[in-house]
Amino acid sequence: MKRTVIPFGPQHPVLPEPIVLDLILEDEKVVDAIPTIGYIHRGLEAMVERVEYTEMGFVVERICGICSFMHGMGYCLALESIMNVEVPDRARWLRIIWAETSRIQSHLLWLGLGADAFGFENLFMHCWRMREEILDIFEKTTGGRIIHSVNRIGGVKRDISDSELVAIVAKLDELGKAFDKTARVFASDASIRHRLSGVGVLSMEEARAVDAVGPMARASGVRLDTRLTGQNLYDQLEFEPVLETAGDCLARVVVRMREVRQSIDLIHQMVEKMPKGEGLPLETKVRGMPSGETFTRLEQPRGEVVYYVKANGTKYLERFRARTPTFANVPAMIKLVKGCDLADVPNIILTIDPCISCTER
Amino acid sequence: MANPFRLPMAPRTIRNLLSRPATRRYPTEIRPRFDGARGTIKFDVETCVYCMICARRCPAAAITCSRDERYWAIEHLTCIGCNVCVEVCNKNSLSMSTDSKSVHVRAEVGPEGQRPGHEEWHGVAPQPVVAKA
């Protein structure tokens, strides 16, 4: 049969960011897909050679606008482990509260984009309206809506007062109720099921074989979550990763919806368990220059991220590397696209939650 | 298979018809910023001693400062608003302003002059803010 090549991207209505897939079609079926990246490479990793390690945290946050907090946190955790810095308890709790809040906003953003991709614009706006409330919480507590710049090596820059934490939890509860109504639409609307159910199925074995991470793996039933390692105080929380077994696009939507509820529940537990009081220490003064190398793993909204930092005893780091979840999920995406209909390609690409800024840095 | 005649979004849509919009009419209705929110850098020429710490610590190298010439400048389009300079300033010469009109966008001046509305909502064309004592 004659083959047709259709370039998908870099500009495409469903793609928030530029990536190219050369889709090779036989009739309406995709038989192969060749990805090309490199449209928004900014050379952030090379910047460590000319920005001091104390200030680099603010640059690392700008890798991506959605998981910005987690990027800053991962960088600081890596440097803290190299320099053996003990971070004050309250700062550690505040960090994971912000981290879980950013997971909620990322999933709400993605659910909106997903709704837009399968043509449900009304739902897209509802999801983003809810996300605004989370961004307000961020602006109130960190000073920025998207880029928070509160992480510093040794702790955090700002405190959230106890009364404010209670108000945030109340606001999240309210948001949870509004979210349940929207989630019902995702779960029961016939058009959504028609577009997503049974599309792009990734079995558990395949997910393991292509090393999928994050919600992508969990939607296929792989129990993979960096939070399970118990680092960053997650061992003190009751936590069980959200698993679905269907492995199709709908399962990936459901995993993310359930993770929004789970994150709200986790924030409840965190606020209960964290040390209370005014004027608790938030930061440990960091002295000297880092020397050594380390790996840090974190569970970002999109999956596991790995940071590698190598320091050589000067104020400039020798090497900084971030392996982002989208990069790990691209092989899974290519696998899913092969054999599907051309009309399903946008949905499949969107359900891996691609973040090209992260991937290219 | 879900019932195609079920419309789970319908109650929400009807309620939206009767409630006020979630968005604001931006230039006339400006969203208030929270206390402590970050914005653009404001510089106080009276108190600055030109110690150059802000220029050295700026991750984006947006600040140019010279002690000999008594010169301080910031490139607003390069500034990433991380607040580092405000924190390190010993004399509190730097502060964050949340003024929402101070977005600097490069002005495009055509043969007939500037585009309508440009001056009003986007400030002036981005000149580095220069202070000389």
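Provided above is the structure to which this section pertains.
One structure accompanies this document, and this report is about it. Source: prediction; values computed, not measured.

Phi is positive for A:S149, close to 50°, though the residue is something other than glycine. Along the chain, A:S149 turns up in the loop between α4 (121–142) and β4 (151–152).

On to the sheet that holds strand β8 (residues 317–323) of chain A. Through backbone hydrogen bonds, the strands of a sheet pair up, either in parallel or in antiparallel fashion. All names here are of chain A. Strand order in the open sheet formed by 3 strands is β6-β7-β8, and the pairing between neighbours is antiparallel. Where the open sheet ends on each side, the last strands, each with one partner, are β6 (291–300) and β8. The mean angle between the axes of side-by-side strands here comes to 10°, regardless of whether they run parallel or antiparallel. Strand contacts of helix α2 (residues 68–83): β6, β7 (303–312) and β8, with the helix running at about 145° to β6, the strand carrying the most contacts.

In this section: the interface of chain A and chain B. The partner chain B presents 27 residues to the 33 residues of chain A that form the contact. Carbon and sulfur atoms make up 49% of the area that chain A and chain B hide from each other, which totals about 2500 Å². Taken together, the connections running from chain A to chain B amount to 6 salt bridges. A salt bridge links B:R57 to A:E55, with the nearest nitrogen and oxygen atoms 2.9 Å apart. Joining chain A to chain B, the criterion identifies 15 residue pairs in polar contact (both at pLDDT 80 or more). Broken down by secondary-structure element, the contributors of at least two residues to the side of chain A that touches chain B are α1 (53–60), α4, α5 (162–188) and α6 (190–196) of chain A.

It is worth spelling out the environment of A:P275 at this point. Residues and elements named next belong to chain A. One can find P275 in the loop between α9 (249–273) and β6. In this structure, the C-alpha to C-alpha distance between P275 and L172, residues 103 residues apart in sequence, is 20 Å. When residues no more than four places from it in sequence are discounted, the contact partners of P275 are D89, R90, W93 and L280.

This part covers the sheet that holds strand β1 (residues 3–8) of chain A. All names here are of chain A. Strand order in the open sheet formed by 3 strands is β1-β2-β3, and the pairing between neighbours is antiparallel. In this open sheet, the two strands that pair with only one neighbour each are β1 and β3 (29–36). Each strand axis lies, on average, 20° off the axis of its neighbour in the sheet, ignoring direction. Where β1 lies against strand β2 (residues 20–26), 6 bridges are found, and the strand directions are antiparallel. Bridge pairing links R3 to E26 in β2. Docked against the sheet, helix α10 (residues 325–337) engages β2 and β3, running at close to 155° with respect to β3.

A separate point is the packing of aromatic side chains. All names here are of chain A. In total, this model carries 7 aromatic pairs over all chains according to the counting rule given. Measuring from ring centre to ring centre gives 6.5 Å for F118 and F186, while their planes differ by 85°; the resulting arrangement is edge-to-face. You can see F118 sitting in the loop between α3 (89–117) and α4 and its partner F186 sitting in helix α5, a full 68 residues away along the chain. Through a chain of ring-to-ring contacts, the aromatic side chains of Y75, Y307 and F320 assemble into a single cluster. The residue whose ring lies beneath R131 is W128, and the NZ or CZ to ring-centre distance is 5.4 Å. The lysine or arginine in question, R256, covers the ring of W110, its NZ or CZ lying 4.4 Å from the ring centre.

Rules and cut-offs
- Residues numbered from 1 in each chain as written.
- Chains lettered and ligands numbered in written order.
- Predicted model: local features only at pLDDT ≥ 70, side-chain atom pairs only at ≥ 80, totals over all residues.
- Heavy atoms only, no water.
- Helix = DSSP H or I, 4+ residues; strand = E, 2+ residues; numbered from the N terminus.
- Pairing = 2+ DSSP bridges.
- Axes fitted to C-alpha atoms, helices over the stretch in contact; angles between N-to-C directions.
- Contact = heavy atoms within 4.5 Å.
- Buried area = accessible area lost by both parts, 1.4 Å probe.
- Salt bridge = Lys/Arg side-chain N within 4 Å of Asp/Glu carboxyl O.
- Polar contact = N/O pair within 3.5 Å; in protein donor to acceptor, adjacent residues only side chain to side chain.
- Phe/Tyr/Trp six-rings, centres within 6.5 Å; stacked < 30°, edge-to-face > 60°.
- Lys NZ or Arg CZ within 6 Å of the ring centre and 35° of its normal.

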